[in-house]
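Listed here are the chains, written in short residue letters.
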Amino acid sequence: MKKLISLVLTVLLLVGMIITPVSAAKEVSVYLFGEKLSFDVPPQIINGRTLVPMRKIFESLGATVIWDGNTRTATSVREDKTIILTIDSYTMYVNGKSVTLDVAPCIIDGRTLVPARAVSEAFNLKVDWDNDTRSVLITTVDSLDKKILSKIGDYEIS
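As the structure is a prediction and not an experimental result, all values here were calculated from the model. (Residues numbered from 1 in each chain as written. Predicted model: local features only at pLDDT ≥ 70, side-chain atom pairs only at ≥ 80, totals over all residues. Heavy atoms only, no water.)

Digging into unusual backbone geometry
Both trends apply: most residues other than glycine have a negative phi, and most peptide bonds are in trans.
Phase 1 of the analysis: Of note, Phe33 is a non-glycine position whose phi angle comes to about 55°, a positive value.
Phase 2 of the analysis: Backbone geometry at Glu79 places phi at a positive 55°, although glycine is not the residue there.
Phase 3 of the analysis: You can see Glu79 is positioned in the loop between β6 (73-78) and β7 (81-86).
Phase 4 of the analysis: Residue class for Glu79 comes out exposed when judged on its relative accessible area of 70%. (Helix = DSSP H or I, 4+ residues; strand = E, 2+ residues; numbered from the N terminus. Buried < 20%, exposed > 50% of the residue type's maximum accessible area, 1.4 Å probe, protein only.)

Notes on the nonpolar core
Phase 1 of the analysis: Counting residues in hydrophobic clusters, the biggest one holds 28 residues, and the most contacted among them are Ile57, Phe58, Ile83, Leu85, Met92 and Ile138.
Phase 2 of the analysis: For this core, the secondary structure elements donating two or more residues are β1 (29-32), α2 (54-60), β7, β8 (91-94), α3 (116-122), β12 (125-130) and β13 (135-140).
Phase 3 of the analysis: The biggest single contributor to this core is α3, with four residues.
Phase 4 of the analysis: Sequence-distant contacts of Ile138, that is, excluding residues within four places in its chain, are made with Val30, Tyr31, Leu32, Phe33, Ile57, Ser120, Leu125, Lys126 and Val127.
Phase 5 of the analysis: Among the nonpolar cores identified, the runner-up in size contains five residues, and Val41, Leu51, Cys106 and Leu113 belong to it. (Core = buried A, V, L, I, M, F, W, Y, C linked by side-chain atoms within 4.5 Å. Contact = heavy atoms within 4.5 Å.)

A look at the sheet that holds strand β10 (residues 106-108)
Adjacent strands of a sheet form backbone hydrogen bonds with each other and so pair up, either parallel or antiparallel.
Phase 1 of the analysis: Strand order across the open sheet formed by four strands is β3-β4-β11-β10, with antiparallel pairing between neighbours. Only two strands of the sheet have a single neighbouring strand rather than two, namely β3 (44-46) and β10. Adjacent strand axes in the sheet meet at a mean angle of 40°, parallel and antiparallel pairs treated alike.
Phase 2 of the analysis: Bridge analysis of β10 against strand β11 (residues 111-115) gives three bridges, and the strand direction is antiparallel. Paired with Cys106 across the bridge in β11 is Leu113. (Pairing = 2+ DSSP bridges. Axes fitted to C-alpha atoms, helices over the stretch in contact; angles between N-to-C directions.)

Notes on the sheet that holds β13
Phase 1 of the analysis: Sheet architecture is open: four strands sit in the order β2-β1-β13-β12, paired in mixed fashion. Of all the strands in the sheet, just β2 (35-36) and β12 have a single pairing partner and so form its edges.
Phase 2 of the analysis: Pairing of β1 with β13, which is carried by four bridges, proceeds in the parallel orientation. Residue Ser29 lies in a different strand from β13, and its bridge partner there is Ser135.

Here's the deal with the environment of Ser120
Phase 1 of the analysis: Residue position: Ser120 is located in helix α3.
Phase 2 of the analysis: Using a relative accessible area of 0% as the deciding quantity, one classes Ser120 as buried.
Phase 3 of the analysis: As for Ser120 and Ile138, which are separated by 18 residues in sequence, their C-alpha atoms are 7.3 Å apart.
Phase 4 of the analysis: If we ignore the near neighbours within four places in the chain, the residues touching Ser120 are Leu61, Leu125, Val127 and Ile138.

Here is the structure:
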């Protein structure tokens, strides 16, 4: 009887090991202003941060991208913001001011991946994470989030 129970438990353990890799985590989706972005290299979650292909996210945001292969540095400009990122560096520069990143830009499958939240927020955009759908949602920051003061007559509204 003990041999039968041992055999059944061993079979269940082996079946569990086979099935687990098949049910891999769902891919991460990125939505910019409500539209799903398509990438040739899928977004990656590294150390709890979502990284996306650099050129696609910057150009989708309406920014230019200049890549310096010698220094492995990307410079992106959108309106009055200039962002500089270097592969494997935890420092991003926004208009010359250094910002420490939780995860450094990296190269995966020949594409430079950058942290979606860091670059989007550097361009004054709002970033949310929907855990149920594993989606990054990038939208404009509303006036309350920016804490812009408006004046109507003699009254200030914040």
